[in-house]
Amino acid sequence: MTTDQGFRVGIVSDTHGLVRPEVLAALSGCGQILHAGDVGDAAVLRRLEEIAPVTAVRGNTDHGALAALLPMSEMVSIENVFFYILHELSGLDLDPVAAGIQVVVSGHTHQPEMVRKNGVIYLNPGSAGYRRHHYPVSIAVAQIENSIITPHLVEISC
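Given the structure is predicted, the values throughout are model-derived calculations rather than measurements. (Residues numbered from 1 in each chain as written. Predicted model: local features only at pLDDT ≥ 70, side-chain atom pairs only at ≥ 80, totals over all residues. Heavy atoms only, no water.)

**Comments concerning the environment of leucine 70**
- With respect to the helices, strands and loops of the structure, leucine 70 is situated in the loop between helix H3 (64-69) and strand S5 (73-78).
- Sequence-wise, leucine 70 and leucine 48 are 22 residues apart; in three dimensions their C-alpha atoms are separated by 15 Å.
- Leave out the neighbours within four places in its chain, and leucine 70 touches Val39, Leu45, Ala56, Val57, Arg58 and Asp62. (Helix = DSSP H or I, 4+ residues; strand = E, 2+ residues; numbered from the N terminus. Contact = heavy atoms within 4.5 Å.)

What follows is the structure, encoded as structure tokens:
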């Protein structure tokens, strides 16, 4: 959704079939949602699509019919910002700089992390589903204005 502050993108991963109301509230107002795998159930995607269009990839725990619906990776352009989405960062099979990608989105570790390397943002929103180890439940939200992206990790209180 485009607002005075630009276009808002919600970024989630590792829901493992769980849709927390607090996560849905944090995604409110997003114009697009990216899901970096381990969806767990197609109902998760349907619920997220009630908020905004969803682009999702397959995680290592997505099997059967759900896995057949989801690609291993996806590239999407949102407001002239190119995102490359995959579940495990170790499976990155291209050079993001050469491909013109500004943001690489991954999941798998349940650990929220955002680093910038060679002009590319590597963003793991953490787990929007079940808590793992001592990591928080978290997502990321990115504002895009004039093709400039400003991402933030968001810890979910639940």
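Continuing now.
**Comments concerning the nonpolar core**
- Counting residues in hydrophobic clusters, the biggest one holds 21 residues, and the most contacted among them are Val12, Val23, Leu27, Ile33, Leu45, Leu48 and Ile139.
- When residues of this core are traced back to their parent elements, those giving at least two are helix H1 (21-27), helix H2 (42-49), strand S4 (54-56) and strand S10 (138-145).
- At four residues, H1 tops the list of elements feeding residues into this core.
- The residues contacting leucine 45, other than those within four sequence positions of it, are His35, Val39, Val54, Ala56, Leu66 and Leu70.
- Within the second largest apolar cluster, 19 residues are counted, among which are Leu34, Ile78, Phe83 and Ile121. (Core = buried A, V, L, I, M, F, W, Y, C linked by side-chain atoms within 4.5 Å. Buried < 20%, exposed > 50% of the residue type's maximum accessible area, 1.4 Å probe, protein only.)

**A look at the pairing of strand S2 (residues 6-12)**
- Across the seven residues that make up S2, a large majority, seven, are buried.
- As paired elements, S2 and S10 share five bridges and run antiparallel to each other. Paired with valine 9 across the strands is alanine 142, a residue of S10.
- In terms of strand pairing, S2 meets strand S3 (residues 32-35) through four bridges, oriented parallel. Looking across to S3, one finds that isoleucine 11 is bridged to leucine 34. (Pairing = 2+ DSSP bridges.)

**Considerations on empty space enclosed by the protein**
- Inspection of the entire model under this criterion finds one cavity of 30 Å³ or more.
- Around the largest cavity sit Thr15, Leu18, Val19, Arg20, Val23, Val44 and Leu48, which together line it.
- Taken together, the residues of the lining of the largest cavity break down into five nonpolar, one polar and one charged. (1 Å grid on protein atoms, 1.4 Å probe; cavity = no way out; pocket = protein on both sides within 12 Å on 5 of 7 lines; lining within 4 Å. Points joined across faces, edges and corners; volume = space filled by probe spheres on them. Nonpolar A, V, L, I, M, F, W, Y, C, P; charged D, E, K, R; others polar.)

**Details of H2**
- Taken residue by residue, H2 has Val44, Leu45 and Leu48 as its buried positions. The arc that holds every buried residue of H2, seen down its axis, measures 95°, which confines them to one face.
- Looking at the packing, one finds that the buried side of H2 touches S2, H1, S3, S4 and H3.
- Where H2 starts, the residue carrying a side-chain oxygen 2.8 Å from the main-chain nitrogen of alanine 43 turns out to be aspartate 41. (Arc of directions from axis to C-beta. Polar contact = N/O pair within 3.5 Å; in protein donor to acceptor, adjacent residues only side chain to side chain.)

**Quick look at the pairing of strand S8 (residues 113-117)**
- Pairing of S8 with strand S9 (residues 120-124) involves five bridges; the strand directions are antiparallel. Following the sheet pairing, valine 115 is matched in S9 by tyrosine 122.
- Between S8 and S9, which follow one another and run antiparallel, lie two residues, and asparagine 118 among them has a positive phi close to 50°.

**Points about the layout of surface pockets**
- Here the largest pocket is characterised by a volume of approximately 180 Å³.
- Only S8 and S9 provide two or more residues apiece to the lining of the largest pocket.
- It is S9 that contributes the most residues to the lining of the largest pocket, three residues altogether.
- Classifying every residue of the lining of the largest pocket by side-chain character gives five nonpolar, eight polar and two charged.
- Reported here for the second largest pocket is a volume of approximately 150 Å³.

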